[in-house]
Amino acid sequence: GCLNCFCIPAEDSREGWGDVLKNVTIISGLGGGVGINFSKIRPRGTKIRGTGGIASGSVSLMKAINSICNELREGGGRRSAILCCLNWRHPDLLEFLSAKLDKQELTNTNISVLVDNEFFKLLDAKGDIVFKWQDEEKGRVAAQDVWDKIIQNAWINGDPGLLNIGLMNEQNTI
């Protein structure tokens, strides 16, 4: 049998990561496509309260999902179809933008930056994107530099795409 495409959540916990990996395995194994928004995953380098560890970030979870998809394909299934999305304000954005330039990584995925009108206004105003996680600044970069990187990488590799989540939410009838 073949399924359609699904959007699944990615929550920032061990259980959340496990749920994503399990759901991708099931859906992809049955031939379905999966879209995942990784914006809730704590950025690389963030301290993990409780364990004293350091977070590996959203792109590492994307790579784990890609590895599962490689195994499913080698098991005789068809190629998995995964869409990985990340909000333009997420501190892992620069790593995310370049993740597919290494042709060995994220081979089963397309990646898209989640944008909105605020992103485009900041771009027009020649402003800086301030990356924050839980109200703590994690860096900043010129919006124009991010835009140039999106265009350059899309030209080289076909990814990232843009997904205008702001417009989608405005036009959603639900």
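Relevant structure appears above.
What counts and what doesn't
- Residues numbered from 1 in each chain as written.
- Predicted model: local features only at pLDDT ≥ 70, side-chain atom pairs only at ≥ 80, totals over all residues.
- Heavy atoms only, no water.
- Salt bridge = Lys/Arg side-chain N within 4 Å of Asp/Glu carboxyl O.
- Helix = DSSP H or I, 4+ residues; strand = E, 2+ residues; numbered from the N terminus.
- Buried < 20%, exposed > 50% of the residue type's maximum accessible area, 1.4 Å probe, protein only.
- Pairing = 2+ DSSP bridges.
- Phe/Tyr/Trp six-rings, centres within 6.5 Å; stacked < 30°, edge-to-face > 60°.

**Q** I keep staring at the pattern of salt bridges and nothing clicks. Help me out?
**A** Per the counting criterion, the structure on display carries eight salt bridges. The partner of Glu95 in a salt bridge is Arg44, and the shortest N-O contact between them spans 2.8 Å. Within this pair, whereas Glu95 is found in helix H3 (residues 93–98), its partner Arg44 is found in the loop between strand E2 (33–37) and helix H2 (58–74), the two being separated by 51 residues in sequence. On the basis of relative accessibility, which here comes to 27%, the residue Glu95 falls in the partly exposed class. Among the residues examined, Arg44 registers a relative accessible area of 44% and is labelled partly exposed. When salt bridges that share partners are traced, they join Arg89, Asp116 and Glu118 into one network.

**Q** Just to check I follow, could you spell out the pairing of strand E3 (residues 81–87) for this structure?
**A** Remember that side chains alternate between the two faces of the sheet whenever the strand is regular. Within E3, five of the seven residues are buried, leaving the element largely enclosed by the surrounding structure. Bridge analysis of E2 against E3 gives five bridges, and the strand direction is parallel. Bridging across to E3, Val34 finds its partner in Ile82. Sheet analysis places E3 next to strand E4 (residues 109–115), joined by six bridges and oriented parallel. Bridged to Cys84 within E4 is Ile111.

**Q** What am I meant to see in the packing of aromatic side chains here?
**A** Centre distance and the angle of the planes are the two values used to describe a pair of aromatic rings. Summed over the entire model, instances satisfying the criterion amount to four aromatic pairs. Seen in terms of ring centroids, Phe119 and Phe120 are 5.3 Å apart; in terms of plane orientation they differ by 80°. Their pairing is edge-to-face. Overall, Phe119 belongs to the buried group, its relative accessible area being 0%. A residue is classified by how much of its surface remains accessible, and Phe120, at 27% relative accessible area, is partly exposed. With 6.1 Å between their ring centres and 75° between their planes, Phe120 and Trp147 make a pair best called edge-to-face. Here Phe120 is found in helix H4 (residues 117–124), whereas its partner Trp147 is found in helix H5 (residues 143–157), with 27 residues between them in sequence. Trp147 sits in the partly exposed class, given a relative accessible area of 21%.

Any functional reading would require information that these geometric values do not contain.
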